[in-house]
Amino acid sequence: MIIKDARFIASNTQVDKCPETELPEYAFIGRSNVGKSSLINMLTNRNKLAKTSSFPGKTQLINHFLINESWYLVDLPGYGWAKVSKDSREKWGKMIKAYLGRRKNLVCVFVLIDSRHEPQNADLEFIEMLGTMEVPFVLVFTKTDKQSSVKTDQSMAAFGRKMRETWDELPMMFRTSSAEKAGRDEILDFIEQTNNQ
Ligand code: GTP
Ligand code: MG
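Conventions and cut-offs
Residues numbered from 1 in each chain as written. Chains lettered and ligands numbered in written order. Predicted model: local features only at pLDDT ≥ 70, side-chain atom pairs only at ≥ 80, totals over all residues. UniProt positions renumbered as here; feature names shortened; annotations may be inferred. Core = buried A, V, L, I, M, F, W, Y, C linked by C-beta atoms within 7 Å. Buried ≥ 20, exposed ≤ 12 C-beta atoms within 10 Å, placed from the backbone. Helix = DSSP H or I, 4+ residues; strand = E, 2+ residues; numbered from the N terminus. Contact = placed C-beta atoms within 7 Å. Pairing = 2+ DSSP bridges. Right-handed = clockwise from strand over helix to strand, strands pointing away.

Named according to an unreviewed UniProt entry, the protein is Probable GTP-binding protein EngB originating from Adhaeribacter soli. You can read under Cofactor (unreviewed entry) in the UniProt record for the protein the words "Mg(2+)".

Colleague: How do you make sense of the nonpolar core when you look at a structure like this?
Modeller: One recurring pattern in soluble globular proteins is that nonpolar side chains are buried together. Phe28, Val111, Leu112 and Val140 are the most contacted members of the largest nonpolar core, which totals 36 residues. In terms of residues, this core owes the most to one element, strand β5 (residues 106-114), which gives five residues. Once you skip the residues sitting within four places of it in the chain, valine 140 turns out to touch Leu39, Phe110, Val111, Leu112, Ile113, Phe174 and Thr176.

Colleague: Help me understand the pairing of strand β6 (residues 137-142), please; the structure alone is not making it clear to me.
Modeller: Residues in a regular strand project their side chains so that they alternate between the two faces of the sheet. Across six bridges, the pairing between β5 and β6 is parallel. Looking across to β6, one finds that phenylalanine 110 is bridged to valine 138. Once you follow β5 into helix α3 (residues 121-133) and on to β6, the crossover reads as right-handed. Both β6 and strand β7 (residues 173-175) contribute to a ladder of three bridges, which runs parallel. Across the sheet, residue valine 140 finds its bridge partner in β7, namely phenylalanine 174. Taken together, β6, helix α4 (residues 149-164) and β7 constitute a β-α-β crossover, and its handedness is right-handed.

Structural data, given as structure tokens:
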């Protein structure tokens, strides 16, 4: 897919205030600092479309971007950052659950996982929640430029083994590096294929 046009539409804390649309929507979520906003910029080929930061907790709102006037990308705030207060964590939970449960045009959630780490409970718990809520999702292993390809294979396999403890089927898995623009075509092809269903 060629990205001809990508523009920011709105930031919201409430799902009811998100753009009213029947266009298909794809959301990006994962631990704080895993690279969600960077991946959105890489996919759209726009350096500063989504705001990125080396400091976790940069994205705090539900951010809608309209792509090619025909589908939405959504940048969501991350989870699992230790320094967040209990109050903020609860607010995050409420906002994300409302988003996932009520956004009718949501086609698929991309759950980003840092390819350098062992399986983390925060990711596994979030995935369990998606399962309970019956939200379709795929996994994206990020920052693969930071290590050898073999290490990324090992992390992905370890994550798959861990998931098999509770899941009968494994989701689709992608590997990406926003720094090296790797994995872009695979994700855009997936979006194109699922767009009209
Ligand atoms: P929050 O909005 O805080 O939840 O973070 P985020 O998941 O949106 O992460 P963001 O895209 O802001 O990236 C966090 C940091 O990781 C930034 O310093 C990025 O430059 C860096 N980063 C993101 N993706 C990659 C990647 O593929 N490779 C490398 N080397 N660094 C990356
Ligand atoms: Mg972000």
